[in-house]
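Structural features, examined
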Amino acid sequence: IPIITGPLEFCPGDTILLVASGGVSYVWGYNEFNNYTFATFNTNDSIYVAQAGFYKLIVTNAGGCKDSIIVHVIQKPYPEITMNPIFGIVCPNDSVLLTVSGNGDFTWNGPNGLIPGDTNQIYVTLPGQYYCYNVDIQRCAQLSNTVTVTLYNTPYLRVIPDTGFCKGDSVEIEVITTPGSNLNW
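Just so it is clear, the structure is predicted and the values come from calculations on it, not from any experiment. (Residues numbered from 1 in each chain as written. Predicted model: local features only at pLDDT ≥ 70, side-chain atom pairs only at ≥ 80, totals over all residues. Heavy atoms only, no water.)

**Brief notes about the sheet that holds strand β9 (residues 81-84)**
Neighbouring strands of a sheet are bound in pairs by backbone hydrogen bonds; such pairs are parallel or else antiparallel. Here we have three strands laid out as an open sheet, ordered β9-β11-β14, and antiparallel in their pairing. Two strands lie at the open edges of the sheet, namely β9 and β14 (121-124), each paired on one side alone. The sheet shows a mean angle of 25 degrees between the axes of neighbouring strands, direction not considered. Bridging between strand β11 (residues 96-100) and β14 involves four bridges; their strand directions are antiparallel. Across the sheet, the residue bridging to Leu98 is Ile122, located in β14. (Pairing = 2+ DSSP bridges. Helix = DSSP H or I, 4+ residues; strand = E, 2+ residues; numbered from the N terminus. Axes fitted to C-alpha atoms, helices over the stretch in contact; angles between N-to-C directions.)

Set out below in structure tokens:
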């Protein structure tokens, strides 16, 4: 019976060790999508893995009988920050909720540097860029995406051309406001 021991999840940039047992000879194969065509790449009893995908182990026992097993190795996803409201616009006397995926320890940074606290959610009121450094419970350290929080701009109208116009002429009226704003005329 083929047996593969070792972790099946790894941090980006790291490697994991998979160890085969249950036979006298081993053949490892790899396929990114598990479409049953595995490229043979190793005949040792252990391999170092740094790429996500499906790994197939074919084991031959002392009697010459073969058996196989397939495992799915995954790369841990990078922590991702989401914003509420989704466009990250801070309205007057309000805040934006930033939430980062993941578990473990969280270190937030914003436009003024380090933000105190160790939680996966923070409320922010300052415009600027925010990101989070996460060390998960398996000690995998990763940097999140960066999000931009902006201040709400009171909309105003701009007339084009901005010089005078005569009866019968046409003008363009442009609304200047925060990106992502909904306009109702």
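**Looking at unusual backbone geometry**
Cis peptide bonds are those with omega within 30 degrees of zero, and the linkage from Asn84 to Pro85 qualifies with 5 degrees. Looking at where Pro85 falls in the secondary structure, it is placed in the loop between β9 and β10 (89-90). In this structure, Asn93 takes a positive phi of about 60 degrees despite not being glycine. Relative to the assigned elements, Asn93 resides in the loop between β10 and β11. A positive phi is found at Arg139, a non-glycine position, where the angle reads about 70 degrees. Position of Arg139 relative to the elements: it lies in the loop between β15 (128-135) and β16 (141-143). For Arg139, a relative accessible area of 57% puts it in the exposed group. (Buried < 20%, exposed > 50% of the residue type's maximum accessible area, 1.4 Å probe, protein only.)

**What about the pattern of salt bridges?**
With the rule as written, the count across this model stands at three salt bridges. Between Arg139 and Asp105 there is a salt bridge, with the nearest N and O atoms lying 3.7 Å from each other. Placement of the pair is Arg139 in the loop between β15 and β16 and Asp105 in strand β12 (residues 105-110), with a sequence separation of 34 residues. When the shortest N-O distance is used, the salt bridge between Arg158 and Glu174 registers 2.4 Å. One end of the pair, Arg158, is in strand β18 (residues 156-160); the other, Glu174, is in strand β19 (residues 172-176), and 16 residues separate them in sequence. Accessibility expressed as a relative area gives 40% for Arg158, which makes it partly exposed. (Salt bridge = Lys/Arg side-chain N within 4 Å of Asp/Glu carboxyl O.)

**Points about the sheet that holds strand β1 (residues 3-5)**
Read from one edge of the open sheet, three strands run β1-β3-β6, paired in antiparallel fashion. Single-partner strands in this sheet number two, and they are β1 and β6 (46-49). Strand-to-strand twist in this sheet, taken as the mean axis angle between neighbours without regard to direction, amounts to 25 degrees.

**Some points on the side chain of Thr99**
If you trace the backbone, Thr99 turns up in strand β11. Polar contacts involving the side chain of Thr99 include one to the side chain of Gln121, which spans 3.1 Å. Apart from residues lying up to four places away in sequence, Thr99 is in contact with Glu80, Ile81, Thr82, Trp108, Asn120 and Gln121. (Polar contact = N/O pair within 3.5 Å; in protein donor to acceptor, adjacent residues only side chain to side chain. Contact = heavy atoms within 4.5 Å.)

**Observations concerning the state of the cysteines**
A covalent bond between the sulfur atoms of two cysteines is referred to as a disulfide. Counted by the stated rule, this structure contains one disulfide. With its sulfur 2.0 Å from that of its partner, Cys11 forms a disulfide with Cys140. Of this pair, Cys11 sits in the loop between β2 (9-10) and β3 (16-21) while Cys140 sits in the loop between β15 and β16, and the two are 129 residues apart along the sequence. Here Cys11 falls in the buried class, since its relative accessible area comes to 13%. No disulfide involves Cys132; its nearest neighbouring cysteine sulfur is the one of Cys140, lying 13 Å away. The exposure class assigned to Cys132 is buried, which follows from its relative accessible area of 1%. (Disulfide = S-S within 2.5 Å.)

Everything listed here is a matter of coordinates, which is why it stays silent on function.
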